[in-house]
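Read off the chains here:
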Amino acid sequence: MQVNSSHSHVLPVISLLFAATLWGLYWLPLRWLVEQGLSGDWIVLLVYCGTVIYMPFLLWKHWREFAHSPGLLLGIALASGWCNTAFILGILEGKVVSVTLLFFLSPVWATFMARFFLKEILTQQAYLVLVIALAGALLILWKPELGLPWPSTRADWYGVTSGMAFAVANVLINKASDVSTQVKTTAVWLGAIAISGSLILLNANELVVPSGAAALRAAERQ
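All values derive from a computational prediction rather than experimental measurement. (Residues numbered from 1 in each chain as written. Predicted model: local features only at pLDDT ≥ 70, side-chain atom pairs only at ≥ 80, totals over all residues. Heavy atoms only, no water.)

1. Some remarks on the overall build of the protein chain
Thought 1: Helices and strands together make up the secondary structure of the protein chain, namely 12 helices and 0 strands.
Thought 2: Reading the secondary structure of the protein chain in the N-to-C direction produces α-α-α-α-α-α-α-α-α-α-α-α.
Thought 3: Across the 222 residues of the protein chain, 38% fall into the buried class.
Thought 4: The long-range share in the protein chain, meaning contacts at least 24 apart out of those at least 6 apart in sequence, stands at 82%.
Thought 5: On the protein chain, roughly 13200 Å² of surface is accessible, and the fraction owed to carbon and sulfur atoms is 70%. (Helix = DSSP H or I, 4+ residues; strand = E, 2+ residues; numbered from the N terminus. Buried < 20%, exposed > 50% of the residue type's maximum accessible area, 1.4 Å probe, protein only. Contact = heavy atoms within 4.5 Å. Areas by Shrake-Rupley, 256 points an atom, 1.4 Å probe, with all protein chains shown as cover.)

2. A few points about the packing of aromatic side chains
Thought 1: Scanning the model with the defined rule gives 4 aromatic pairs in all.
Thought 2: Aromatic side chains Trp82 and Tyr158 sit 6.2 Å apart centroid to centroid with 50° between the ring planes, which places their arrangement in the tilted category. Of this pair, Trp82 sits in helix H6 (residues 70-93) while Tyr158 sits in helix H10 (residues 154-175); the two residues are 76 residues apart in sequence, bridging distant segments of the chain.
Thought 3: Pairing Phe87 with Phe103 gives two aromatic rings, centres 4.8 Å apart and planes at 55°, and the pair type is tilted. A residue pair is termed long-range when its members are at least 10 positions apart, and Phe87 in helix H6 and Phe103 in helix H7 (residues 96-103) qualify at 16 residues. Of the two residues, Phe87 and Phe103, both sit in the buried class.
Thought 4: Connected via pairs of aromatic rings, a cluster forms that spans Phe87, Phe103, Phe104 and Phe166. (Phe/Tyr/Trp six-rings, centres within 6.5 Å; stacked < 30°, edge-to-face > 60°.)

3. Looking at the environment of Ile91
Thought 1: Relative to the helices and strands, Ile91 is located in helix H6.
Thought 2: Taking the relative accessible area as the measure of exposure, Ile91 reaches 1% and is therefore buried.
Thought 3: When the C-alpha atoms of Ile91 and Ala155 are compared, they prove to be 7.1 Å apart, with 64 residues separating the residues in sequence.
Thought 4: When neighbours within four sequence positions are excluded, Ile91 is seen to be in contact with Tyr26, Trp27, Leu30, Arg31, Val96, Val99 and Thr100.

4. Here we look at the pattern of salt bridges
Thought 1: The full count for this structure, using the stated rule, is 1 salt bridge.
Thought 2: Here Glu93 and Arg154 are joined by a salt bridge, their closest N and O atoms 3.0 Å apart. With Glu93 in helix H6 and Arg154 in helix H10, the pair connects residues that are 61 residues apart, well separated along the chain.
Thought 3: Exposure remark for Glu93: the relative accessible area of 40% places this residue in the partly exposed category.
Thought 4: Classification of Arg154 as exposed rests on a relative accessible area of 54%. (Salt bridge = Lys/Arg side-chain N within 4 Å of Asp/Glu carboxyl O.)

5. Overview of the nonpolar core
Thought 1: With 34 residues, the main nonpolar core has Leu30, Leu38, Trp42, Ile43, Tyr48, Leu73 and Ile76 as its most contacted residues.
Thought 2: When residues of this core are traced back to their parent elements, those giving at least two are helix H3 (27-35), helix H4 (40-49), helix H5 (55-59), H6, H7, H10 and helix H11 (181-202).
Thought 3: Of all hydrophobic cores here, the second largest spans 12 residues; its members include Leu102, Leu130, Ala137 and Val171. (Core = buried A, V, L, I, M, F, W, Y, C linked by side-chain atoms within 4.5 Å.)

6. Focus: the packing of H3 against H6
Thought 1: With their axes 10 Å apart at the nearest point, H3 and H6 run at an angle of 70° to one another. The pairing of H3 with H6 is recorded here as roughly perpendicular in orientation. Relative to H6, H3 is oriented so that their crossing is right-handed. Contacts between H3 and H6 involve Trp27, Leu30, Arg31 and Val34 from the first element and Ile88, Ile91 and Leu92 from the second.
Thought 2: Of the residues contributing to the contact of H3 with H6, the split by class is 6 nonpolar, no polar and 1 charged. (Axes fitted to C-alpha atoms, helices over the stretch in contact; angles between N-to-C directions. Parallel < 35°, antiparallel > 145°, perpendicular 65-115°, else oblique. Left-handed = near helix turned anticlockwise from the far one by under 90°. Nonpolar A, V, L, I, M, F, W, Y, C, P; charged D, E, K, R; others polar.)

7. Here's the deal with a nonpolar patch on the surface
Thought 1: Together, Phe112, Phe116, Phe117 and Leu134 make up an exposed nonpolar region whose accessible area comes to about 420 Å².
Thought 2: If one sorts the elements of the nonpolar patch by residue count, helix H8 (residues 106-117) sits on top with 3 residues.
Thought 3: Here Phe112 shows up in helix H8. (Patch = residues over 30% accessible without salt bridge, like charges linked within 9 Å, V, L, I, M, F, W, Y side chains within 5 Å.)

8. Looking at the confidence of the model for the protein chain
Thought 1: Averaged over all residues, the pLDDT of the protein chain equals 80, while 83% of them reach at least 70.
Thought 2: Between the elements of the protein chain, mean pLDDT differs from a low of 50, seen in helix H12 (residues 212-220), to a high of 93, seen in H6. (pLDDT = per-residue confidence, 0-100.)

Here is the structure:
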């Protein structure tokens, strides 16, 4: 039984490592898209609009599940939408290393949320990891001229709030256990489209529509 259990954990661990690697390298194609004339909010919108192609294939057997937990799915969409949008805006506007490290504080926020909202029991090892992670955050944010370990730029705030939103989304995804992965994935994509589209509309006075070629490159990134 122990062998089977260990094998059952291999795929999730590999998936997490692969996803973390992608998040860490995400800035490379994004900076290239900026060089092609796209702004951050347009990049998010066009990249996730590219997922619309896959939605019918994911949902053709599962679309009725949207009625099972509409509140949870809305929360997943909004949290993940801000997570993806803020992360992209942060690494395009600020220092990639700082924003990425601040984003990767998300396990800290997820642990607190899992403890208080999902009633999960934390081990001594978990508490030790939390202390180390928070100490690392203080080192990243420490600015001698300010004297406070606090986000000092908009990009820093993007990184911190993106990690928080990622934690919220993960807790909600875990809680929505009766909803299929296909539906939750679609909610994530739709959330990014909604949040980035809203930002574009809010900045309508500065609206710059990208060229067709640049838009096509962004959609191809997905």
